[in-house]
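Here are the chains, one letter per residue:
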Amino acid sequence: MEVRTAHAGRISFTPGDFFADTKDGPLDATLMSLSMLVETFGRNHTGEEYRSWLLDVGFTDAETRPFDAPAANGVVVARKP
């Protein structure tokens, strides 16, 4: 996962492939999650999970911005007041 801080009070990171909030895909995220489960006992997460964690630690305006790229399907952006 790549984490970048932009101008004051903002954070954005690309978690790689994350699940749809409905947890029914996309296929790349499902396959990566299966691989992580087998190899590391980890898993991929949904955009809603990332947003919830950020809100829990005081960030606001947390949102996911989808895009299509190799090994990543979106970015999570939030603001710290």
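Residues numbered from 1 in each chain as written. Predicted model: local features only at pLDDT ≥ 70, side-chain atom pairs only at ≥ 80, totals over all residues. Heavy atoms only, no water.

Novice: Run through the side chain of threonine 46, naming residues and quoting values.
Specialist: In this structure, threonine 46 sits in the loop between helix 1 (27–40) and helix 2 (47–56). If we skip the residues at most four places from it in the chain, threonine 46 touches Phe18, Phe19, Ala20, Asp21 and Lys23. (Helix = DSSP H or I, 4+ residues; strand = E, 2+ residues; numbered from the N terminus. Contact = heavy atoms within 4.5 Å.)

Novice: Please give an account of a nonpolar patch on the surface that cites residues and values.
Specialist: Together, Leu34, Leu37 and Val38 line one region of the surface with nonpolar side chains, adding up to about 300 Å² of accessible area. By the secondary structure assignment, leucine 37 is in helix 1. (Patch = residues over 30% accessible without salt bridge, like charges linked within 9 Å, V, L, I, M, F, W, Y side chains within 5 Å. Areas by Shrake-Rupley, 256 points an atom, 1.4 Å probe, with all protein chains shown as cover. Salt bridge = Lys/Arg side-chain N within 4 Å of Asp/Glu carboxyl O.)

Novice: An account of the nonpolar core is requested, with residue identities and associated values reported.
Specialist: It is characteristic of soluble globular proteins that their nonpolar side chains tend to be buried jointly. By size, the foremost hydrophobic cluster in this structure holds nine residues: Ile11, Phe13, Phe18, Tyr50, Leu54, Phe59, Ala62, Val76 and Ala78. Of all the elements in the fold, those that place two or more residues in this core are strand 2 (10–14), helix 2 and strand 4 (72–79). (Core = buried A, V, L, I, M, F, W, Y, C linked by side-chain atoms within 4.5 Å. Buried < 20%, exposed > 50% of the residue type's maximum accessible area, 1.4 Å probe, protein only.)

Novice: How would you summarise the packing of aromatic side chains if you had to cite specific residues and measurements?
Specialist: Here a ring pair, both rings aromatic, is described through the centre-centre distance and the interplanar angle of the planes. Throughout the structure, instances matching the rule amount to one aromatic pair. Aromatic pair tyrosine 50 and tryptophan 53: ring centres 5.5 Å apart, planes at 85°, arrangement edge-to-face. You can see tyrosine 50 and its partner tryptophan 53 sitting in helix 2, three residues apart, about one turn around the helix. (Phe/Tyr/Trp six-rings, centres within 6.5 Å; stacked < 30°, edge-to-face > 60°.)

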